[in-house]
Amino acid sequence: MSTRHGRLDLGILAAILLFAATLLGFALISDVVVEGETHAFDRAVLLQLRTAGDPDNPIGPKWVEVAAGDITSLGGITVLSLVALAVAGYLLIDRRYASTLLVFVSVGGGMLLNMGLKAGFDRPRPDIVVHAVEVHTLSFPSAHAMLSAVTYLTLGTLLAQTRLHRRQSVYVLAIAVLLTLLIGVSRVYLGVHWPTDVLAGWCVGAAWAMGCWLVIGWQQRSAGTARPGETLPRSADLDARVKDD
């Protein structure tokens, strides 16, 4: 086995392990949430992020609250949709059809999945503190946490696989993970989500992103449009072949 194929096989194995671990994490969190066993934990964390004696006021100076509002907007459906469409448009222009499909299935499917999960669990928003931003939907799982994980991890993985140096790939993926974490934390800080909403959102979002990556990559290889052992995020090579044809 060549060194390159060995790296790809390790990448697939890592994706499978991440998919399994995050899916199990979501299952465990959702189970204890349904049983009502997380109320004390959720309440304690929310109140720790509020000024003692004034639960309607987040801790820290006013600029921190403003910054949290700015960060949380990066996980809004409007922003994520625009980012995904912009990237998909670029990929289409560059004739990278496999990567375009991954973006549409991952982000679009993730939005539909989140709506279904919210309706199924039907968990109300926190009511022990005043919400620092306006919300209208149900609470579990957090759409901001889930969809930011889906979008930024998918795009981060695609971008990382176009880099030649490992340090660049690690940097891109680290930024994707950092954005996802900051957006989720901002939801709890602003009082619009229970902590377990965000934890569940991170888990199911990462699982969905990795699941789409694996399934679409498998379909591409089965259809013979990828070289043996090659996964979808290496689509730059596949697209080069399409252009040559």
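See the structure above.
Being a predicted model, the structure only gives us computed values, none of them experimental.

Asks: How should the packing of aromatic side chains be read in this particular structure?
Replies: The way to describe two aromatic rings as a pair is by their centre distance and the angle between their planes. This structure, assessed with the given rule, holds 3 aromatic pairs. Judged by centre distance (6.2 Å) and plane angle (90°), the rings of Phe26 and Phe121 are edge-to-face. Within this pair, whereas Phe26 is found in helix H1 (residues 3-34), its partner Phe121 is found in helix H5 (residues 97-121), the two being separated by 95 residues in sequence. On the accessibility criterion, Phe121 (29% relative accessible area) is partly exposed. Judged by centre distance (4.7 Å) and plane angle (70°), the ring pair of Phe121 and Phe140 falls under edge-to-face. Remark: Phe140 occurs in the loop between H5 and helix H6 (143-160) and Phe121 occurs in helix H5; sequence separation between them is 19 residues. Counting every residue linked through ring pairs, the aromatic cluster contains Phe26, Phe121 and Phe140.

Asks: Would you mind going over the layout of surface pockets with me for this structure?
Replies: If a probe the size of a water molecule is rolled over the atoms, the empty space left behind becomes visible. As a volume, the second largest pocket reaches approximately 380 Å³. Around the second largest pocket sit 21 residues that line it, and Ile77, Arg125, Thr137, Ala143 and His144 are the ones nearest its centre. For the lining of the second largest pocket, the elements supplying multiple residues, two or more each, are helix H3 (62-73), H5 and H6. By residue number, the principal contributor to the lining of the second largest pocket is H5, which donates 4 residues. Of the residues belonging to the lining of the second largest pocket, the class tally is 7 nonpolar, 10 polar and 4 charged.

Rules and cut-offs
Residues numbered from 1 in each chain as written. Predicted model: local features only at pLDDT ≥ 70, side-chain atom pairs only at ≥ 80, totals over all residues. Heavy atoms only, no water. Phe/Tyr/Trp six-rings, centres within 6.5 Å; stacked < 30°, edge-to-face > 60°. Helix = DSSP H or I, 4+ residues; strand = E, 2+ residues; numbered from the N terminus. Buried < 20%, exposed > 50% of the residue type's maximum accessible area, 1.4 Å probe, protein only. 1 Å grid on protein atoms, 1.4 Å probe; cavity = no way out; pocket = protein on both sides within 12 Å on 5 of 7 lines; lining within 4 Å. Points joined across faces, edges and corners; volume = space filled by probe spheres on them. Nonpolar A, V, L, I, M, F, W, Y, C, P; charged D, E, K, R; others polar.

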